[in-house]
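# Understanding the architecture of this molecule
So the chains spell out like this:
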Amino acid sequence: MSETQEFQHKLQTVLQGVYGESLSVASADRLSGGASQETWLVRLSGEDVPATLILRRAPQGGEKSFDSAAIGLPNEARLIRKAEAAGVPVPRVVRVLEDSDDVGEGFFMTQIMGETIARRILRNDEFAAARDALPEQCGKALAGIHSIQLAGDPELKESSGLDQLSYYEDIYKSTGGCRPIFDLAMVWLRENAPAPLEPVLVHGDFRLGNIMVDEAGLAAVLDWELCHLGDPREDIAWMCTNSWRFGHTDKRLGGFGDVEPLLTAYERAGGQRLTARDIDWWEILGSMKWGVMCMLMYESFRSGADPSVERAAIGRRVSETELDLINLLEEQSHA
């Protein structure tokens, strides 16, 4: 039996425990994308079984997630189930893998059809109606996420804005780099930090690329690995960060819309009342964070720890975040 056949047989054994002995795994193909976790499309046959499932699995062979803040796949699955119960559009978790399955850490979930590639969502005609609908849909989804009660959960870290500022400032200093605009931004952020809001469950990476979009709009919220307890403004501002507008800089919210409709829908769905000005500080923090991440990715490429073209390509985007920070800080000086 080949390695591929053995892997498929193990998956089949696991899924027969869910759907019955008639289930057969026709194929399991690893999909492109996903910098920190593996994503597999598993095709099935049998009576009363879905045609496909998605397997989200931890990398094999000793690879590590780039971000040490990742909560682990069993926790992701747990939070996705809680989000589904709160009315957030998510895939349905079918089965969480166990050690005895001998497949690795991960979980099976239903396949949601749609698009995740930002440039297609922002440019293609078939997503024109979706772009109009997304601000309100995202506001409602975030209100649902932020309503999930997890205070005191030992598996989730609490991370305020100033906590994150200190974390990324330490990383920046450890690289030995000299980026004056980063130094200025960090000073400004510390001196102008807003009073924190009551901590809620924060998705941590809510943006285009991590949501599934179909022709009607938001189909599913994906990639829950950076969830933590924190300030609700973080999630809203992250989608507004210019790096996640993918060139459509005139649309503050993800390159597809204005943030005010999101805030209105967010409040209507049970979230706090917020204004566009309330997330300014968090947007500056977001650009600084992403800039430091880009620096770190370049260092990984330069040192040879990860010589992939992807790391080099992302690393060169440091200069984009520097320009974003200059523009944002200038706006604040005139506010």
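Up top is the structure these notes are about.
A brief look at the structure comes next. (Residues numbered from 1 in each chain as written. Predicted model: local features only at pLDDT ≥ 70, side-chain atom pairs only at ≥ 80, totals over all residues. Heavy atoms only, no water.)

So, about the packing of aromatic side chains. This model, assessed by the stated rule, comprises seven aromatic pairs. For the ring pair F7 and W40, a centre distance of 4.9 Å and an interplane angle of 55° mean the geometry is tilted. Separated by 33 residues along the polypeptide, F7 in helix 1 (residues 3-19) and W40 in strand 2 (residues 38-45) bring together distant segments of the chain. Overall, F7 belongs to the buried group, its relative accessible area being 15%. Among the residues examined, W40 registers a relative accessible area of 13% and is labelled buried. Chaining the aromatic ring pairs together yields one cluster made of W238, W244, F246 and W290. Lying over the aromatic face of W244, R207 brings its terminal NZ or CZ to 3.9 Å of the ring centre. Sitting above the plane of the W238 ring, K289 keeps its charged end 5.1 Å from the centroid. (Phe/Tyr/Trp six-rings, centres within 6.5 Å; stacked < 30°, edge-to-face > 60°. Helix = DSSP H or I, 4+ residues; strand = E, 2+ residues; numbered from the N terminus. Buried < 20%, exposed > 50% of the residue type's maximum accessible area, 1.4 Å probe, protein only. Lys NZ or Arg CZ within 6 Å of the ring centre and 35° of its normal.)

The end-to-end C-alpha distance of helix 11 (residues 318-334), which contains 17 residues, comes to 25 Å, matching closely the 24 Å that a straight helix rising 1.5 Å per residue would cover. Taken as a whole, helix 11 has its buried residues at V318, T321, E322, D324, L325, L328, L329 and Q332. Looking straight down helix 11, one finds that the buried residues subtend no more than 160° of arc, so they occupy a single side. For helix 11, the exposed residues set more than 90 degrees away from the buried face come down to E331 and H334. (Expected span 1.5 Å × (residues − 1). Arc of directions from axis to C-beta.)

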